[in-house]
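Here is how the chains run, residue by residue.
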Amino acid sequence: MGKENGKSHIKAKGLTQKQRSWVYTGIFIVVVLIFFALNNRSNGPAEGPMPPNYSSNSGKMIKLADYKGKIIILDFWATWCPPCRKEIPDFIKLQKKYADKGVQIIGLSLDAMTRGGRTVNDVVPFMKEFGINYPIAKASERIVNLYGGIESIPTTFVINKDGKILDRKSVV
């Protein structure tokens, strides 16, 4: 507390935006690690279908069966979505930090299905601009329906090592 011109100044103490971002990232990592630990503790998960394969923006097929044995964080997003854009840097950090520990992030772009497909050509430049270090594929109506419909984005799924969906988080 200081005095200037006879007035008291009290500085508010709280977390900065950057500190809040780190706290939220830490919480997300803890949740993923808890799912990882719970998945490894069980006597075997209930059968669940491995989610479908996806065509990536480079034209190569992303086969989720190739990621069996890894925890998958599957994110439905779009380039025009502000909350999606905000979470991308955290996914990049998670991929870098946990890729060698059995975690794989995969993004499913909804740009071709939203806003009349006007932003579909923005995906590859967006990936380059943000330095996305994980696969991005184009979502289709079929894929969206297989995941029970996506009502808001971003919507993120955590999928265990056997392909079973453990959790779903959406922005409402």
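Residues numbered from 1 in each chain as written. Predicted model: local features only at pLDDT ≥ 70, side-chain atom pairs only at ≥ 80, totals over all residues. Heavy atoms only, no water.

Topic: the overall build of the protein chain
- Looking only at helices and strands, the protein chain has four helices and nine strands in total.
- Within the protein chain, the proportion of its 172 residues that are buried is 40%.
- Within the protein chain, counting contacts between residues at least 6 apart in sequence, those at least 24 apart form 70% of the total.
- Carbon and sulfur atoms provide 55% of the accessible area of the protein chain, an area that totals close to 10500 Å². (Helix = DSSP H or I, 4+ residues; strand = E, 2+ residues; numbered from the N terminus. Buried < 20%, exposed > 50% of the residue type's maximum accessible area, 1.4 Å probe, protein only. Contact = heavy atoms within 4.5 Å. Areas by Shrake-Rupley, 256 points an atom, 1.4 Å probe, with all protein chains shown as cover.)

Points about the pattern of salt bridges
- Within the structure shown, the criterion is met by two salt bridges.
- A salt bridge links Asp-100 to Lys-101, with the nearest nitrogen and oxygen atoms 3.7 Å apart.
- Its salt-bridge partner being Asp-167, residue Lys-169 comes within 3.6 Å of it at the nearest N-O pair.
- On the accessibility criterion, Lys-169 (52% relative accessible area) is exposed. (Salt bridge = Lys/Arg side-chain N within 4 Å of Asp/Glu carboxyl O.)

All we've got here are geometric facts, nothing functional implied.
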